[in-house]
Amino acid sequence: MDFNLTEEHLMIRDAARDFAQTELLPGVIERDNAQTFPDELVRKMGELGFLGIMVDPKYGGSGMDAISYVLIMEELSKIDASASVMVSVNNSLVCYGLEAYGNEAQKEKYLTKLATGECIGAFCLSEPEAGSDATSQRTTAIDKGDHYVLNGTKNWITNGGRAEIYLVIAQTDKHKGSHGINAFIIEKGMPGFDIGPKEDKLGIRGSDTHTLQFNDVKVPKENRIGDDGFGFRFAMKTLSGGRIGIAAQALGIAAGAYELALKYSKERKAFGTEICNHQAIAFKLADMHTEIEAARMLVMKAAWDKDQGNNYDMSSAMAKLYASKVAMEHTVEAVQIHGGNGFVKEYHVERLMRDAKITQIYEGTSEIQKIVISRGLIKE
Ligand SMILES: Cc1cc2nc3c(=O)[nH]c(=O)nc-3n(C[C@H](O)[C@H](O)[C@H](O)COP(=O)(O)OP(=O)(O)OC[C@H]3O[C@@H](n4cnc5c(N)ncnc54)[C@H](O)[C@@H]3O)c2cc1C
């Protein structure tokens, strides 16, 4: 067993750290306030290869492993979780979904654009009546011979407004239950496809979250991903890898807040000494560091499982469950260590605390991760 990162991994981590410090940090508070994420930063991340991290270079990707992916996600998330969720969705839900399960024509037409950052993608599973219970899809795609007709509503869609390519899950035969679900590639601008207003959120406010409406959208048959009825399995397999990205996002949020809290505790004085010399504060730092390191081990293990070709359904669920709990608990502690300064925007920890919450909700709530883990245990 080797706990060291390779030279290449260290370089990738340093490149992501450098980008986060020089490009994401300036303006992160303003973007959070105004709920924006500029195209310019998306373009720069595309140039650095952050939008197709694990994609084969023959489709314009960086050809890196999942360990590299989580290192990049952690560094971006320490500074700007709104940027990192965009990166995570594009990489592990959209690019991975297409690369692993799309056919050659679909990869050539769509994957290259997504992996280079020429455009970004969105993954559309959730609906007003189908969140955790994703089999209850109300969106329908009716087979009309050479095309499907798509009708329904998807909500909470990350990258929903600015994406060009959307992977949409829909019910094609309700009598077949989860086997009557398919995944389709939808392009922005297809007649009948409308994008609702941006959500006003608690956290990750710079990320672009929208409700999407499909009204008699004509979808060519060649836009279906995989065999007829593969859609639910497609969604579950893709989300399993997505959870590694969100676990790394949670880890980054926690680690970012911890680093700020440690620094502040060495500078701020109370009762004649730096506050880190008060045991109540020092013990908080010890707990934070220990639990963040434990979360990092789970995140790395899940990424390693993916790189080794092992099944990662359980390890990704465990990593997300734990890292998101650590993120929520320790961002609250980071605010506490900052005292009154923790409650205002300029010290960053209040934003990290607000951003942490979503990691316990999207790509499967913590309760759903426990279902995945316990089912895996019982099956073993
Ligand atoms: C900012 C944001 C971005 C998102 N991005 C995307 C995206 O890009 N694409 C996409 O498809 N979706 C996206 N989502 C949707 C997200 O994945 C869902 O919100 C999430 O899966 C939960 O579904 P729900 O909101 O319907 O909650 P519900 O499913 O209604 O759950 C409500 C509560 O009940 C609990 N619960 C439900 N079932 C069980 C059970 N069997 N046992 C125990 N507890 C249970 C849940 O854990 C939760 O606590 C996003 C959501 C947000 C807020």
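Fair warning: this is a prediction, and the values are worked out from it, not measured in the lab.

### Comments concerning unusual backbone geometry
- Unlike most non-glycine residues, Phe271 shows phi in positive territory, near 55 degrees.
- For Phe271, a relative accessible area of 81% corresponds to the exposed category.
- Phi is positive for Glu363, which is not a glycine, with a value near 55 degrees.

### Comments concerning helix α9 (residues 313-337)
- When the terminal C-alpha atoms of α9 are compared, their 36 Å separation across 25 residues agrees well with the 36 Å that a helix rising 1.5 Å per residue should span.
- Just downstream of α9, Gly339 is the residue with a positive phi angle, here 60 degrees.

### Examining the UniProt feature "domain: Acyl-CoA dehydrogenase/oxidase N-terminal" (unreviewed entry) in the chain
- With numbering matched to this structure, UniProt assigns "domain: Acyl-CoA dehydrogenase/oxidase N-terminal" (unreviewed entry) to residues 6-118.
- Helix makes up 73% of residues 6-118 and strand 0%, whereas the separation of the span's terminal C-alpha atoms amounts to 30 Å.

### As for the layout of surface pockets
- Of the pockets and cavities examined, the largest pocket occupies roughly 1,500 Å³.
- A total of seven residues in the lining of the largest pocket trace back to one element, the largest contributor, which is helix α7 (residues 231-267).
- When its residues are assigned to classes, the lining of the largest pocket shows 21 nonpolar, 16 polar and twelve charged.
- Put simply, the second largest pocket is a space of about 610 Å³.
- Looking at the second largest pocket, it is lined by 21 residues, and the ones nearest its centre are Asp2, Phe3, Leu5, Ile67 and Met300.
- Among the secondary structure elements, those contributing two or more residues to the lining of the second largest pocket are α1 (7-24), α4 (66-79) and α8 (279-308).
- Examining the composition of the lining of the second largest pocket, we find that six residues originate from one element, α8, more than from any other.
- Its residues assigned to classes, the lining of the second largest pocket comprises eight nonpolar, three polar and ten charged.

### Re the environment of Leu212
- Here Leu212 is to be found in strand β7 (residues 209-220).
- A residue is classified by how much of its surface remains accessible, and Leu212, at 0% relative accessible area, is buried.
- Along the chain, Leu212 and Lys306 lie 94 residues apart, while their C-alpha atoms are 31 Å from each other.
- Setting aside residues up to four positions removed in sequence, Leu212 forms contacts with Cys124, Gly152, Thr153, Lys154, Ile157, Gly160, Tyr166, Phe193, Asp194 and Ile195.

Cut-offs and rules
- Residues numbered from 1 in each chain as written.
- Predicted model: local features only at pLDDT ≥ 70, side-chain atom pairs only at ≥ 80, totals over all residues.
- Heavy atoms only, no water.
- Buried < 20%, exposed > 50% of the residue type's maximum accessible area, 1.4 Å probe, protein only.
- Helix = DSSP H or I, 4+ residues; strand = E, 2+ residues; numbered from the N terminus.
- Expected span 1.5 Å × (residues − 1).
- UniProt positions renumbered as here; feature names shortened; annotations may be inferred.
- 1 Å grid on protein atoms, 1.4 Å probe; cavity = no way out; pocket = protein on both sides within 12 Å on 5 of 7 lines; lining within 4 Å.
- Points joined across faces, edges and corners; volume = space filled by probe spheres on them.
- Nonpolar A, V, L, I, M, F, W, Y, C, P; charged D, E, K, R; others polar.
- Contact = heavy atoms within 4.5 Å.

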